Amino acid sequence: MDSLLKHMVDMTGHRDHAMLDISVISAVQELAAAAQTRVLALNTVRGQVFVRARAVISAGGVARMEEYPDPALPGEPLSAYPALAACLARHEASADLVGADGRHLLWLPIWIGDKADTCLEITNPTPYSDATIHVIGGIVSVYKNFQNLLDYSERDSLTGLLNRKTFDDQLAKILHGHGGRGGLALPGEEERRQAPDSEQQWLAVVDVDHFKLVNDKFGHLYGDEVLILIANLLQSSFRAQDRIFRFGGEEFVVLLRSITLANAHKIIDRFRSNVAGHDFPQVGRVTVSVGFVALNAVEAPVIILGRADQALYYAKSHGRNRACHYDELLDSGCLHAVASNDTAEFF
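In the nomenclature of an unreviewed UniProt entry, the protein is known as diguanylate cyclase of Janthinobacterium fluminis. Under the UniProt heading Catalytic activity (unreviewed entry), the note attached to the protein is "2 GTP = 3',3'-c-di-GMP + 2 diphosphate".

A. Spatial organisation of the packing of helix α2 (residues 17-32) against helix α4 (residues 130-154). α4 packs onto α2 with a crossing angle of 175 degrees between their chain directions and a minimal axis gap of 10 Å. Here α2 lies roughly antiparallel to α4, going by the angle between them. Across from H17, L20, D21, V24, A27, V28, L31 and A32 in α2, the residues of α4 making contact are T132, V135, I136, I139, Y143, F146, Q147, L150, D151 and E154. Grouping the amino acids of the contact of α2 with α4 by side-chain chemistry returns 12 nonpolar, three polar and three charged.

B. Structural detail: the sheet that holds strand β10 (residues 251-259). Here five strands make up an open sheet; going across it, the order is β9-β10-β8-β11-β12 and the pairing mixed. Edge positions in the open sheet fall to β9 (243-248) and β12 (323-325), since each of these has one partner strand only. Sheet twist, expressed as the mean angle between neighbouring strand axes with direction ignored, is 20 degrees. As judged from the five bridges shared by β9 and β10, these two strands associate in the antiparallel manner. Paired with G248 across the strands is E251, a residue of β10. Along the sheet, helix α9 (residues 301-317) contacts β8 (200-208), β9, β10, β11 (288-294) and β12; its crossing angle with β11, the most-contacted strand, is approximately 145 degrees.

C. Focus on helix α3 (residues 82-89). Restricting attention to buried positions, one finds in α3 the residues L84, C87 and L88. Along the long axis of α3, the arc covered by the buried residues comes to 95 degrees, so they all point the same way. Pointing more than 90 degrees away from the buried face of α3 are the exposed residues P82 and A89.

D. Quick peek at the state of the cysteines. Under the criterion given, the structure shown has zero disulfides. C324 supplies the cysteine sulfur nearest to C334, a cysteine that is in no disulfide, at a spacing of 8.2 Å.

E. Layout of the side chain of D207. Tracing the backbone through its elements, the reader meets D207 in strand β8. For D207, a relative accessible area of 11% translates into the label buried. Looking at D207, its side chain comes within polar contact range of the side chain of K316, at 2.9 Å. Beyond its immediate chain neighbours, meaning those up to four positions away, D207 contacts E250, E251, T287, V288, S289, L312 and K316.

F. Structural view of the packing of aromatic side chains. All told, the structure shown has five aromatic pairs when counted by the stated rule. For the pair Y81 and W107, a centre-to-centre distance of 6.3 Å together with 80 degrees between the ring planes defines the contact as edge-to-face. With Y81 in the loop between β4 (76-77) and α3 and W107 in strand β6 (residues 104-109), this pair connects stretches of sequence that are 26 residues apart. Across the pair, exposure class does not vary: Y81 and W107 are buried alike. Relative to F245, the ring of F167 has its centre 5.3 Å away and its plane inclined at 75 degrees; by these criteria the two rings are edge-to-face. Taken together, the residues F167 in helix α5 (residues 164-177) and F245 in strand β9 connect sequence positions 78 residues apart. In textbook terms, an aromatic cluster arises when at least three aromatic residues are bridged by ring pairs, as seen for F167, F245 and F247.

G. Representation of the pattern of salt bridges. Tallied over the entire structure, the rule returns 13 salt bridges. K316 is the partner of D207 in a salt bridge, and the nearest nitrogen-oxygen pair spans 2.9 Å. Residue D207 is located in strand β8, and its partner K316 is located in helix α9; the two are separated by 109 residues in the primary sequence. Across the pair, K316 and D207 agree in class, each one buried. Across the pair R307 and E299 runs a salt bridge whose closest N-O atoms are separated by 2.9 Å. Linked through salt bridges whose partners overlap, the residues forming this network are D207, D209 and K316.

H. Fine view of the nonpolar core. One finds I230, L234, F238, L256, F271 and F280 to be the most contacted residues of the largest nonpolar core, which totals 33 residues. Among the elements of the structure, β8, α6 (211-218), α7 (220-237), β10, α8 (261-276) and β11 are those that each provide at least two residues to this core. With seven residues, the top contributor of residues to this core is α7. Formed by 25 residues, the second largest nonpolar core is a distinct cluster that contains L203, F245, A311 and Y314.

I. Local environment of the packing of α7 against α8. In contact at an axis separation of 10 Å, α7 and α8 are set at 145 degrees when each is read in the N-to-C sense. As for the relative orientation of α7 and α8, their crossing is right-handed in sense. The segment α7 lies against α8, with I230, L233, L234 and S237 engaging I267, R270, F271, N274 and V275.

Rules behind the numbers
Residues numbered from 1 in each chain as written. Predicted model: local features only at pLDDT ≥ 70, side-chain atom pairs only at ≥ 80, totals over all residues. Heavy atoms only, no water. UniProt positions renumbered as here; feature names shortened; annotations may be inferred. Axes fitted to C-alpha atoms, helices over the stretch in contact; angles between N-to-C directions. Helix = DSSP H or I, 4+ residues; strand = E, 2+ residues; numbered from the N terminus. Parallel < 35°, antiparallel > 145°, perpendicular 65-115°, else oblique. Contact = heavy atoms within 4.5 Å. Nonpolar A, V, L, I, M, F, W, Y, C, P; charged D, E, K, R; others polar. Pairing = 2+ DSSP bridges. Buried < 20%, exposed > 50% of the residue type's maximum accessible area, 1.4 Å probe, protein only. Arc of directions from axis to C-beta. Disulfide = S-S within 2.5 Å. Polar contact = N/O pair within 3.5 Å; in protein donor to acceptor, adjacent residues only side chain to side chain. Phe/Tyr/Trp six-rings, centres within 6.5 Å; stacked < 30°, edge-to-face > 60°. Salt bridge = Lys/Arg side-chain N within 4 Å of Asp/Glu carboxyl O. Core = buried A, V, L, I, M, F, W, Y, C linked by side-chain atoms within 4.5 Å. Left-handed = near helix turned anticlockwise from the far one by under 90°.

Below, the structure written as structure tokens:
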């Protein structure tokens, strides 16, 4: 009982999804004496569901977030997990299977309403007793409720995207976690730009063109519908590991992870094209402008965001419905940085 209470306190003491994942698999691993426990993410990409491990712990090991050599891959298709696929299709609480190696696998989808985008997977040499399953079910219920609370505090109420506060937290974590890596200057050194074909993290600012005219002409209900549909297009156009935020009003921000400049251009322009080609009910055609910039761990977030905003402003003032990269605008002489300090950069 003391161990269970300790894990419950640990799970509810976090304000971060990653640490919550670590806590739940640590609790299940210890209390159920499992061979392995994983948190699986269920991501939908172009209508197909993929399964990707988010966190894992094995017997005798330490819980860790799962890392992949190629984060662009969405994971394994759900069809590789037929028992789990059938469970999700029937909206059931669990699925189990005896593998070819004789091990028992138990899947517990985390249902939020009629949708499950997270699942616990527990592997054990022998089947569990009813008492153990009851304990696991209690842990899963606490995990589900607290995950729901975190989602509520982190998401925009209109679009369901991550909100501004969450953006500030995640950008700070990304910059802190990638300090000192190749291509980033150390404090006191001159900034080193990434080679065009090297992987980098990117920040893109998206703004809906002439959005005030939409509200003025069609009313705020249709304006809200435009924002919701653009949020849906953002989610379908970018990759599962990218993070999308509603920044406020008609402005959105995307954090693109581990990708080259050429692919960043391609993905961002695919989204811009998807919006331009979409038929918005009543409103008709809507376009977006985008400014994006590489993340640099030695610079303040306000500087990075300001550079993306400058690229966005250039796109909006030069025809709209286009995506502009900050460094390319500097290199071509379209922007001129004349002075900077730790909190502002002037153009």
